[in-house]
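Listed here are the chains, written in short residue letters.
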Amino acid sequence: MRVFESAGTEAGDGLTRDCLDPLVISRLRASFSSIVSTEHGRNRLTTTFYATLFAEHPEFRALFPPALDQQGHRLFQALQFVIDNLDDEGRVLGFLSQLGRDHRKYGVEGRHYFASGNALLVAVQSSFTQAIWTPSLTAAWTELLDLLLHTMADAADTDDLPAAWGATVVDHERRLDDLAIVRLETDSPIPYGAGQYLSVQIPQRPRMWRYLSAAIPANPYGQLEFHVRRVSGGWVSPAIVNETQVGDRWLLSSPLGGLEVDRDSGQDVLMIGSGTGIAPLRAQVMEMAMRSNNPRVHMFVGGKYPCDLYDIETLWHLSLSNPWLTVVPVSEEDEDPWWHTIPAPEAPPGLHQRLQGQLGRVVARFGSWADRQIQISGSPAMIKTTAYALQRGGTPPELIRHDPLI
């Protein structure tokens, strides 16, 4: 079995050092497709990785949260994202570097990554569902894991920003029965870009980190806003919605994600957000509103019920003072459910009315959007169905951007 060493690496080592050959990428995708084709393969990959890692390095167990289900899901989705984007070296390197910096919140250092290489290779090989694992597959996966581990280790060891920031809850607004807006002030400003998300830990659920998208741009006062929907059966989101109090102290880790508007491309923008997925899109248009020159932005805001368009009034008012912004509300149902207790906002006079239908299909009815930069934000299921609807309508897949589904 290959031993992964850290000697001789340089900053930025990875794809820029030795780009993966197209044949290697093809082998990686084919083998990973075999793993993801069954639930057994997906589960075996994560369970084997942690079992092997902790058997080889028992001291590593203290770096992880008590429950590993979310951690395993994120590991699998991160691998999926890397495999899917191997043709885009900048995107892969940026993602891996962000993960390396983010994992410092657990106390992970560069040496931990190199020590985990063998466990990752064992996990991949044991999850392969085809008859034969060949030496060429071993070589391909060893090359990929070398790239992955060196990039993350280098980012973890060279970042000069804090591993985490402290923040105080200054407001908790229950906007819907199952949705809250939480406003915080950090002890010092966090240098995140509008459109990024951060990992947060709340006092009610210590050591359980969850990703939340910032709904406002970064500012010198350290003010932050998160929109959080309660997930049925979840551990953290119900506590945020139901139990958060003004004065609570949160921890926040390094910014992640790459949603941004390319102002130099000459292309206009299509943004599609559902539920609290509007947060990173909202932050971007708020930042754009501070500038004089912007591309045109069509923003479709969706939800199952009209009440799910909980922040549409803010976006409408933003569009009134920024003619480059068009906001189109969409809901699958025409009326709120009987159990909903907060009325949905009415459209201001003179603005377009709400459209009805499945969000992706509604957007696709307007054309292929082939001349736009396209961002999708929402649940993993919403992102997949919306991207599929757009591609069926003729949208080139390379124009579609969304964050990893983790």
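The written sequence of each chain sets the order in which its residues are numbered from 1. The model is predicted, so local features are restricted to residues of pLDDT at least 70 and side-chain atom pairs to those at 80 or more, both for listing and for counting; the totals for chains, interfaces and linings are taken over all residues. Hydrogens and waters are ignored; side-chain quantities use all the structure's heavy atoms.

*Asks:* An account of the nonpolar core is needed here, citing residue identities and associated values.
*Replies:* Ranked by internal contacts, the top residues of the largest apolar core, which has 52 residues, are Leu28, Phe32, Phe49, Leu86, Leu96, Trp141 and Leu144. Strands here are runs of E lasting at least two residues and helices are runs of H or I lasting at least four, both read from the DSSP assignment and numbered beginning at the N terminus. The set of elements that each furnish at least two residues to this core consists of α1 (22–36), α2 (39–56), α3 (69–84), α4 (89–102), α5 (110–115), α6 (117–127) and α7 (135–158). The residue makeup of this core includes at least three contributed by each of domain 1 (22–158) and domain 2 (165–256). By the convention used here, residues are in contact when the closest approach between their heavy atoms is within 4.5 Å. Excluding residues within four positions of it along the chain, Leu86 makes contact with Leu20, Ile25, Leu28, Arg29, Val92 and Leu144. By convention a nonpolar core is built from buried Ala, Val, Leu, Ile, Met, Phe, Trp, Tyr and Cys residues, the set being connected through side-chain atoms within 4.5 Å. A 1.4 Å probe rolled over the protein chains alone gives each residue an accessible area, and that area as a share of the maximum for its type sets the label: buried under 20%, exposed over 50%, partly exposed in between. Grouped together as the second largest cluster of nonpolar side chains are 49 residues, Leu176, Leu179, Tyr192 and Leu252 included. The domain boundaries here were taken from an automatic or database domain assignment.

*Asks:* Explain the packing of α2 against α6 to me, and be specific about the residues and the numbers.
*Replies:* Contact pair α2 / α6: the axes reach a minimum separation of 8 Å and the direction vectors enclose 145°. As for how α2 packs across α6, the hand of that crossing is right-handed. In this structure, α2 contributes Gly41, Arg44, Leu45, Thr48, Phe49, Thr52, Leu53 and Glu56 to the contact, and α6 contributes Asn118, Ala119, Leu120, Val122, Ala123, Val124, Ser126 and Ser127. A class-by-class count of the residues in the contact of α2 with α6 yields eight nonpolar, six polar and two charged. Only C-alpha atoms enter the line fits that serve as axes; for helices the fit covers just the stretch in contact. Angles between N-to-C directions range over 0 to 180 degrees. When the near helix sits turned anticlockwise from the far one by under a right angle, the crossing is termed left-handed; a clockwise turn instead gives a right-handed crossing. Polarity classes work like this: nonpolar for Ala, Val, Leu, Ile, Met, Phe, Trp, Tyr, Cys and Pro, charged for Asp, Glu, Lys and Arg, and polar for all others, with Gly in that last group.

*Asks:* Outline the pattern of salt bridges, listing residues and values.
*Replies:* Side-chain pairs of opposite charge can arise whenever the charged atoms involved come near each other. Whenever Lys or Arg places a side-chain nitrogen within 4 Å of a carboxyl oxygen from Asp or Glu, that contact is recorded as a salt bridge. Summed over all chains, the structure comprises 21 salt bridges. For Arg249, the salt bridge is made with Asp187, and the minimal N-O distance between the two is 2.7 Å. One end of the pair, Arg249, is in strand β6 (residues 249–253); the other, Asp187, is in the loop between β2 (179–186) and β3 (197–201), and 62 residues separate them in sequence. Using a relative accessible area of 53% as the deciding quantity, one classes Asp187 as exposed. Residue Asp334 is joined to Arg354 by a salt bridge in which the shortest nitrogen-to-oxygen separation is 3.6 Å. Residue Asp334 is found in the loop between β9 (325–331) and β10 (355–356), and its partner Arg354 is found in the loop between β9 and β10; the two are separated by 20 residues along the sequence.

*Asks:* Tell me about the packing of aromatic side chains, and name the residues and values.
*Replies:* Each Phe, Tyr or Trp ring (for Trp, its six-membered ring) is paired with any other whose centre lies within 6.5 Å, and the angle between the two planes then decides the class: stacked below 30 degrees, edge-to-face above 60, tilted in between. Enumeration over the complete set of coordinates arrives at eleven aromatic pairs. The interplanar angle of 85° and the centroid separation of 5.9 Å between the aromatic rings of Phe300 and Trp369 together place this pair among those described as edge-to-face. With a gap of 69 residues between them, Phe300 in strand β8 (residues 297–303) and Trp369 in the loop between α11 (359–364) and β11 (372–377) connect regions that are remote in the sequence. With relative accessibility at 1%, the residue Phe300 sits in the buried group. Taken together, Phe32, Phe76 and Trp141 form an aromatic cluster joined through their ring pairs. Lying across the ring of Tyr305, Lys304 places its NZ or CZ 5.6 Å from the centre. Here, a charge over a ring means that NZ of Lys or CZ of Arg falls within 6 Å of the ring centre while also lying within 35 degrees of the ring normal.

*Asks:* Describe in detail the pairing of strand β7 (residues 268–274), supporting the description with residues and values.
*Replies:* Each regular strand shows side chains that alternate between the opposite faces of the sheet. Counting buried positions along β7 yields six of seven residues, so the element is predominantly enclosed. As paired strands, β7 and β11 are joined by six bridges and run parallel to one another. Across the sheet, residue Gly273 finds its bridge partner in β11, namely Ser377. In this view, the connection linking β7 to its parallel neighbour β8 by way of helix α9 (residues 279–288) has right-handed handedness. Here the rule is simple: two strands pair whenever DSSP picks up at least two bridges between them. Whether a crossover is right-handed comes down to one check: with the strands pointing away from the viewer, does the path from the first strand over the helix to the second run clockwise; if it does, it is right-handed.

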